[in-house]
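# Report on the structure
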Amino acid sequence: ISKPKIIFLVQNGIQKAMFKAANDLTIPIVELQHGYIGYVHPAYSYPENIDIKVLQPFLPKYFFTFSDFWAQNRFYPVQKISLGCSFLDEQKETIKSDDIVIVSANIYHDFLKKIALNIAPIFKDKKIYYKLHPNQFHHYQNIIDEFSQHHNIQVISNEISINDLFLKCCSAVIIQSTATYEALQNKVNVYLYKVADYETHQDVFEYVDLFDTSDDLIKLIQENENTKSVKDTPTFFEPFNKDKFLQVLQEIESK
């Protein structure tokens, strides 16, 4: 049986048995950030009064994050190192249209469908991209049929990535999604609909607009278009730092 020098993995807080086995064998474990982590994620935000000695055998030794932002306000008692993520880091400058992207998911569809249907007649000159979550792809044609009376609503499955939509649109309507941070990184005005678990994103409330109704949303979009305002935000996704990665790797192997 081989004994690896280091274990790298991406997971979602579930690989406790692997962590325990590797820690028992003194094999260093490096977890790579998978996406959103925050105070509502029980695998990444433990009570600060928890017994660390009991917890540590079930945690990785190191946690590589997309940027320093993800180490804030989250009690995850491992060594956190910001190494970036080139797939999601800040994109090149592009000329954005006034179009709108709505970021959906199966649990949010009933909420967001009504928003799309309500704003489509008001913004007839804008394209409204209704971006499906992969868990909605099998309902693709049904959702197209729901919007068939509005030619400015285009349902998107996987033919255009969410990042490409953020490069071309100036507004994003979201309830809860890691795409919130991707949109802000791409200088998109984000409008969070105050339903379901939108409070997951309270760590960025100061950088987004919150709304309760379609009328509120319409007003906010029109106001931001008139002012051409885009809020400055933290860096959520840094470019991957190869030199730092190699340096950290050497330090881990030397221990």
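Keep in mind it's a predicted model, so treat the numbers as computed, not measured. (Residues numbered from 1 in each chain as written. Predicted model: local features only at pLDDT ≥ 70, side-chain atom pairs only at ≥ 80, totals over all residues. Heavy atoms only, no water.)

## Looking at the packing of aromatic side chains
The condition is simple: Any Phe, Tyr or Trp ring, taking Trp's six-membered ring, that has another such ring centre within 6.5 Å forms a pair; planes under 30 degrees apart are called stacked, those over 60 apart edge-to-face, and the others tilted. Per the convention used, a helix needs a DSSP run of H or I reaching at least four residues, while a strand needs a run of E reaching at least two, with both numbered from the N terminus. Only protein chains enter the accessibility calculation, which uses a 1.4 Å probe. A residue is then buried if its area is under 20% of the maximum for its type, exposed if over 50%, and partly exposed in between.
Using the criterion set out here, one finds 20 aromatic pairs in the structure. Note on phenylalanine 69 and tyrosine 181: the rings are 6.0 Å apart at their centroids and 50 degrees apart in plane angle, and the pair reads as tilted. Of this pair, phenylalanine 69 sits in the loop between strand 3 (62–65) and strand 4 (79–82) while tyrosine 181 is found in helix 6 (residues 179–185), placing the two residues 112 residues apart along the sequence. Taking 5.9 Å as the distance between ring centres and 10 degrees as the angle between the ring planes, the aromatic pair formed by tyrosine 198 and phenylalanine 205 counts as stacked. Tyrosine 198 gets classed as buried once you look at its relative accessible area, which sits at 14%. Note on phenylalanine 205: relative accessible area 24%, which makes it partly exposed. Clustering of aromatic rings is evident, with ring pairs tying together Tyr36, Phe66, Phe69, Trp70, Tyr181, Phe236 and Phe237.

## Here's the deal with the pairing of strand 1 (residues 7–10)
The side chains of a regular strand alternate, residue by residue, between the two faces of the sheet. Put simply, the test is: Note on handedness: a clockwise path from strand one over the helix to strand two, with the strands aimed away from the viewer, defines a right-handed crossover.
Only one face of strand 1 is covered, namely the one carrying Ile7 and Leu9; the face carrying Phe8 and Val10 has none of its residues buried. Each parallel crossover has a hand, and for strand 1 linked through helix 1 (residues 16–24) to strand 2 (residues 29–32) it is right-handed.

## What about the layout of surface pockets?
We count it as follows: In this analysis the probe radius is 1.4 Å and the grid spacing 1 Å, with only protein atoms considered; a cavity is a set of points the probe fits into but cannot get out of, a pocket is an open set with protein on both sides within 12 Å along at least five of seven lines, and lining residues have an atom within 4 Å of a point. Grid points are joined across faces, edges and corners, and a volume is the space filled by probe spheres set on the points. Under the scheme applied, nonpolar residues are Ala, Val, Leu, Ile, Met, Phe, Trp, Tyr, Cys and Pro; charged residues are Asp, Glu, Lys and Arg; polar residues are all the others, including Gly.
In this model, the largest pocket occupies a volume close to 540 Å³. Along the walls of the largest pocket sit 24 residues, with His133, Ser177, Thr178, Ala179 and Glu182 positioned nearest its centre. Within the residue set of the lining of the largest pocket, elements represented by two or more residues are helix 5 (162–168) and helix 6. Across the lining of the largest pocket, the residue classes tally to eleven nonpolar, eleven polar and two charged. Along the wall of the second largest pocket there are 17 residues; nearest its centre are Thr26, Ile27, Pro28, Lys61 and Tyr62. When grouped by side-chain class, the residues that make up the lining of the second largest pocket number nine nonpolar, four polar and four charged.

## Points about the nonpolar core
We count it as follows: Put simply, a nonpolar core is a bunch of buried Ala, Val, Leu, Ile, Met, Phe, Trp, Tyr and Cys residues held in one set by side-chain atoms that sit within 4.5 Å of each other. Only heavy atoms matter for contacts: two residues are in contact if any of them lie within 4.5 Å across the pair.
Membership of the largest hydrophobic core comes to 36 residues, with the highest contact counts inside it found for Trp70, Val101, Phe166, Tyr181, Val204 and Phe236. For this core, the secondary structure elements donating two or more residues are strand 5 (100–103), helix 5, strand 8 (171–174), helix 6 and strand 9 (189–193). The greatest single-element share of this core, amounting to four residues, is contributed by helix 6. Once residues within four sequence positions are removed from consideration, phenylalanine 236 is found in contact with Phe66, Ser67, Phe69, Trp70, Tyr181, Leu184, Gln185 and Val204.

## Examining the environment of histidine 201
Mapped onto the elements of the fold, histidine 201 is located in the loop between strand 9 and strand 10 (209–211). A C-alpha to C-alpha distance of 9.9 Å links histidine 201 and tyrosine 36, two positions 165 residues apart in sequence. Ignoring any residue separated from it by four or fewer positions in sequence, one finds histidine 201 in contact with Ile175, Gln176, Ser177, Thr180, Tyr181 and Leu192.

## Some details on the packing of helix 3 (residues 109–119) against helix 7 (residues 214–227)
Which entries qualify depends on this criterion: For helices, the fitted axis covers only the stretch in contact; all axes are lines through C-alpha atoms, and the angles between them, taken along N-to-C directions, range from 0 to 180 degrees. Here is the rule for angles: anything less than 35 degrees is roughly parallel, anything more than 145 is roughly antiparallel, 65 through 115 is roughly perpendicular, and the remaining ranges are oblique. Two helices that cross are described as forming a left-handed crossing if the nearer one is turned anticlockwise from the farther one by less than a right angle, and a right-handed crossing if clockwise.
Running from N to C, helix 3 and helix 7 cross one another at 60 degrees; their axes reach a closest spacing of 10 Å. Considered as vectors, helix 3 and helix 7 are oriented oblique to each other. Considering only the axes of helix 3 and helix 7, their crossing is right-handed. Contacts from Lys114, Ile115, Asn118 and Ile119 in helix 3 reach Ser214, Leu217 and Ile218 in helix 7.

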